[in-house]
Amino acid sequence: MNFWLPLLVLATSLVAALFIFTLPEERHALRGSFNLLAAVVKIALVGWMIIAVANQQTFETRFTLMGDIDFVLRADALSLLFAGLSSLLWLFTTIYAMGYLEGTPQRSRFFGFFSLCVASTMGVSMAGNLFTFLIFFEMLTLSTYPLVVHKGSAEALRAGRTYLFYTIGGGVALLVGIASLHALVGHTEFVETGVLRDVSPDLYPALTAIFVLLIAGLGVKAAIVPLHGWLPAAMVAPAPVSALLHAVAVVKAGAFGVVRVIYNVFGVEFSYQLGVLVPLAAVASFTIIWGSIQALRQSDIKKRLAFSTVSQVSYIILGLSLFGPIGTMGGLVHLLHQGIMKVTLFFCAGIFAETLGITRIRDLNGVGKRMPLTSAAFTIGAFGMIGIPPVAGFISKWYLGWGAMEAGLHWVLGVLLVSSLLNAAYFLPVIYRLWFARPAPEWPDEQIPAGRFETNPWLLLPTVITAAFSLGAGVFAAAAWSPLSWAELIAVREYLS
Amino acid sequence: MNLIPLLLVIPLAWALLSLLLPRLPIGLLALAGIVLQLGTAAMLWNNVQVHGASSYAIGDWVAPLGITLVADGLTVTLLAMTALIAVVCAFYAIFYLRAYEKERRYFWPLFWFLLAALNGIWLAGDLFNLYVGLELLTLSAVGMVTLSGERHALAAGLRYLYAALLGSLAYLLGVALLYGAYGTLDLGQLSSLLDANLMTQLALALMTFGLLMKTAVFPLHSWLPPAHGGALAPVSAILSALVVKSSFYILARLWMDAGDALMPVSAAQLLGTLGALAIIWGGWQAFRQSEIKMLVAYSTVAQLGYLMLLFPLAIGQSQQSAVLAWQGTMLHLLSHGFAKAAMFLAVGTLVLAVGKKRVVDMAGISAKMPLALFAFGLASISIMGLPPSGGFNAKWLLMQSAIQSGQWHWVAVLLVGSLITASYVFRVFSVSFQKDADPQIRSTHPALDLSALLLAAIAIALGFAAAIPVELLTLPEDML
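Remember, predicted model here, so these are calculated numbers, not experimental data.

What counts and what doesn't
Residues numbered from 1 in each chain as written. Chains lettered and ligands numbered in written order. Predicted model: local features only at pLDDT ≥ 70, side-chain atom pairs only at ≥ 80, totals over all residues. Heavy atoms only, no water. Helix = DSSP H or I, 4+ residues; strand = E, 2+ residues; numbered from the N terminus. Rg over C-alpha atoms; globule rule 2.2 N^0.38 Å. Buried < 20%, exposed > 50% of the residue type's maximum accessible area, 1.4 Å probe, protein only. UniProt positions renumbered as here; feature names shortened; annotations may be inferred. Expected span 1.5 Å × (residues − 1). Phe/Tyr/Trp six-rings, centres within 6.5 Å; stacked < 30°, edge-to-face > 60°. Lys NZ or Arg CZ within 6 Å of the ring centre and 35° of its normal. Patch = residues over 30% accessible without salt bridge, like charges linked within 9 Å, V, L, I, M, F, W, Y side chains within 5 Å. Areas by Shrake-Rupley, 256 points an atom, 1.4 Å probe, with all protein chains shown as cover. Salt bridge = Lys/Arg side-chain N within 4 Å of Asp/Glu carboxyl O. 1 Å grid on protein atoms, 1.4 Å probe; cavity = no way out; pocket = protein on both sides within 12 Å on 5 of 7 lines; lining within 4 Å. Points joined across faces, edges and corners; volume = space filled by probe spheres on them. Nonpolar A, V, L, I, M, F, W, Y, C, P; charged D, E, K, R; others polar.

Within chain A, the regular secondary structure consists of 20 helices and 2 strands. The C-alpha radius of gyration computed for chain A amounts to 21 Å, which stays within 12% of the reference 23 Å derived for 497 residues, consistent with globular compactness. Once the C-alpha set of chain A is aligned to its principal axes, its extents read approximately 70 × 55 × 45 Å. For chain A, the residues scored as buried account for 66% of the 497 residues in total.

Next comes the structure, spelled out in structure tokens:
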């Protein structure tokens, strides 16, 4: 069973994808039920593995691909952090997408590729060496493209080209990095505390170059400035796709790859010794500030959220590059926190657009009275992004700041402070408009009239739940099964073994 | 019982059968024959895997007098690939040719002659038999290109014929020189006899030129796109997937057998440079084509360039690097075979359904023909060299070889090639996702989509099962 479980987790979405592709377009009910069933089964399987891994079990699927290269899927504490997030959000995003795409064409293609994306994400999270990681990382690129261009408009196709230009370029950098590392070391296994500790110092320059290549390749998906250009462009895609890009899969896959490279390939101590962590922290800090400033300049809700992602994902990178367990916890826990908070925000943005036709911030005046639940969810997500307690984002920032102190990098505190102020500057006016501004005489384009619910319940339900999660992850951070406790478990295993 | 002769007897028998008795249900008959051949190839494959290489002397005459057929790990892998691609293409052709009543009459005999020639080339152990195989192959391939009898097809066929004949001539001249000097044409015997004198090198250079011509290596490629792009879909698939590989296979064997002593490193680097230019030029031309089949045909020109990287990576480099290069090249040959056949079949279905040939005519096609497009997509993954696919694993091996021999310029070529490939492949996707277009399509038989999907799936599966062919490919390693 320990051999098959990782494959099974992968198969739940892979089989769903293949099944959905072959279904005729008009079998909406069957497709929806099968998709939801697969999502629930996946959550159950991942849940099972989480409990087992907490009890020191491991799950590994391994076979030889060719020569000295193995295909490895392994469920360790780190992979389950990401797999847990993705499988949970897959369920909610699927529910949301079913509501969002009601009555539109090409749903078979959409949900098929959506499931394929999640399958790739599962592979990314459970990959046990860089080679396997690369397989799923590229598969993710390819399966996301049809979703980005889903609308088929000239603008969407242009965004698709931009997306490919960046991600395939990044893939090439990553490939060169991995191939060189393999040629140098002979394998690319992920091992707790890394595999490079004993290499001869002659190789340090080459390893530094490889580190830069790997981070650059991963940094495209993680939207590190200046490799972030595709992310705002991809905003033309439907809201559930944005949620997928920003919270469930793509951006996270990049950030997660950085985790793997620093902790399981180079090893955090070796990276520190190599002197690559502080420059990385500087790049991440720059991205944080730059993303926030750009977000401030946007008048479109989704664009503002997109630049907010650019900034927020680099919190994760920043946390990883702070040498010490506290910073690690801050970075890892933000991987989860940012996911649930950002998915909430994108769900809300989609609801505003679908229900009232609002896509610009200045049209949000007074929406709070018309749509209290959605507005409340948006407020929770935004508070989290700013880092106001008790929302999850506060916990992340607290640990990041503490980690920076421990690492002796006091300037990072300044970065955190400035970025929080900027976050407040671009989120608080939105919240003010929602609740306190006087509404315009009529909404731009009201599609769904207010009935028993303020909007389509398929859209509302997942939004409310993820908002509740964002709050819960902060309030119950000290509980045994909170994201923070899981991040602590990983940090302990990384530093104390 | 020795299975080797069966692989020649079956296609020749079926060729005669379909030529002489055209009133039989030839398509179904062909399917039966090809399944039989697939079974034989599979059994031989298994034999070689268990017992090692085997050989068969026709009429029990041994070299240098008689004809010896050799089945080693590489041979059986190629035989299996040929049978597998041929069986799917034959299945496709049965349904595809319903629209081509006239062409069907001669398609099947030519198809079988072509298979016999291919199997003969894979199995041949001496240079003269390789020549005979090449000639039979050329004639049947040219015949298939001109099946439709249309003006452009005849022109393309004639051009193909001239190029191939010129290639044959050069090859034959080289063979004659070698025979004059050493008195044998057996590859195994020659490889120990050859010494580095001007005559030998001239002979080898002539043969190399002839084979480069037949493989359509840049800048000798101009006959390929009209021939492959203008033929019927199943013909294009077979030509691009199999036929051009056969002359490359001879070239590779020749160079690996002759070895470092005879083949100067500079010549090997030159061949690699031609390959690099093919990758760039072919990719660029593919990007520029307005007809979708021509795009795929130029993609073949580019992909053949990757094969040429074998020479600079293997000649004059370390054993380890040479082994990796050999495995990578052969894996590329396999996965390109499956992927390109799938691509031509998928594109053939699209053109058949839409009734127009240009890329822009495929606007909005993803809504109407998702399966054909999906097959094209899966095949493209391998052609681009992205994981998971056989194409990616091949590229990985070539890259490892280049890195280990310190030849970073070939790494750069591999990467640039991938980027160019992505740009022309996604041109098709970009068009196919357009929203406002509403193409009128004729319905096509689902078997067409299924065939393309099957081949594409194999190209992808090679990404996970590359160990199976790669381990067999290490068998001819002793000849390095």
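The structure having been displayed, the exposition proceeds.
In the UniProt entry, the feature "domain: NADH-Ubiquinone oxidoreductase (complex I) chain 5 N-terminal" (unreviewed entry) is given for residues 68-111 of chain A. Annotated as residues 68-111 of chain A, this span is 66% helix and 16% strand, and its ends, taken at the C-alpha atoms, are 37 Å apart.

With that out of the way, let us pick up helix 11 (residues 265-288) of chain B. The end-to-end C-alpha distance of helix 11 of chain B is 34 Å, a good match for the 34 Å that 24 residues give at a rise of 1.5 Å each. For helix 11 of chain B, every residue scored as buried is listed here: Ala268, Leu271, Gly272, Leu274, Gly275, Ala276, Ala278, Ile279, Gly282, Gly283, Gln285 and Ala286 of chain B.

With that settled, consider the packing of aromatic side chains. Scanning all chains against the criterion turns up 53 aromatic pairs over all chains. In this structure an aromatic cluster arises from ring pairing among Tyr145 of chain A together with Phe376, Phe426, Phe429 and Phe433 of chain B. Above the ring of Phe137 of chain A, the side-chain terminus of Lys221 of chain A is found at 3.7 Å from the ring centroid. Taking NZ or CZ as reference, Arg105 of chain B lies 4.8 Å from the ring centre of Tyr106 of chain B, over its face.

Residues and elements named next belong to chain B. A grouping of Leu16, Leu17, Leu19, Leu20, Leu21, Leu24 and Tyr106 is seen on the molecular surface, where their side chains present a nonpolar patch of about 620 Å² in accessible area. No other element matches helix 1 (residues 6-20), which puts 4 residues into the nonpolar patch. Among the secondary structure elements, Leu17 is positioned in helix 1.

Moving on to the layout of surface pockets. By volume, the largest pocket amounts to about 1200 Å³. Elements with a minimum of two residues in the lining of the largest pocket: helix 1 (4-22), helix 4 (107-126) and helix 5 (130-148) of chain A together with helix 15 (365-368), helix 16 (370-384), helix 18 (408-432) and helix 19 (446-461) of chain B. The element that contributes the greatest number of residues to the lining of the largest pocket is helix 16 of chain B, accounting for 7 residues. Of the residues that constitute the lining of the largest pocket, the class distribution is 33 nonpolar, 6 polar and 2 charged. Here the second largest pocket defines a volume of roughly 780 Å³.

So, on to empty space enclosed by the protein. Residues and elements named next belong to chain A. A complete count under the given rule lists 6 cavities of 30 Å³ or more for this structure. Leu78, Glu192, Asn264, Ile490 and Glu494 are the residues nearest the centre of the largest cavity, which is lined by 13 residues in total. Contributions of two or more residues to the lining of the largest cavity are made by helix 3 (77-100), helix 10 (250-266), helix 14 (325-356) and helix 20 (483-496). The greatest single-element share of the lining of the largest cavity, amounting to 4 residues, is contributed by helix 10. The residue inventory of the lining of the largest cavity, partitioned by class, reads 6 nonpolar, 2 polar and 5 charged.

Residues and elements named next belong to chain A. In this structure the tally under the stated criterion is 12 salt bridges over all chains. With a shortest N-O distance of 3.3 Å, Arg74 and Glu189 are connected by a salt bridge. Note that Arg74 is positioned in strand 2 (residues 69-75) and Glu189 in the loop between helix 6 (154-185) and helix 7 (204-221), a separation of 115 residues in sequence. Both residues of the pair, Arg74 and Glu189, belong to the buried class.

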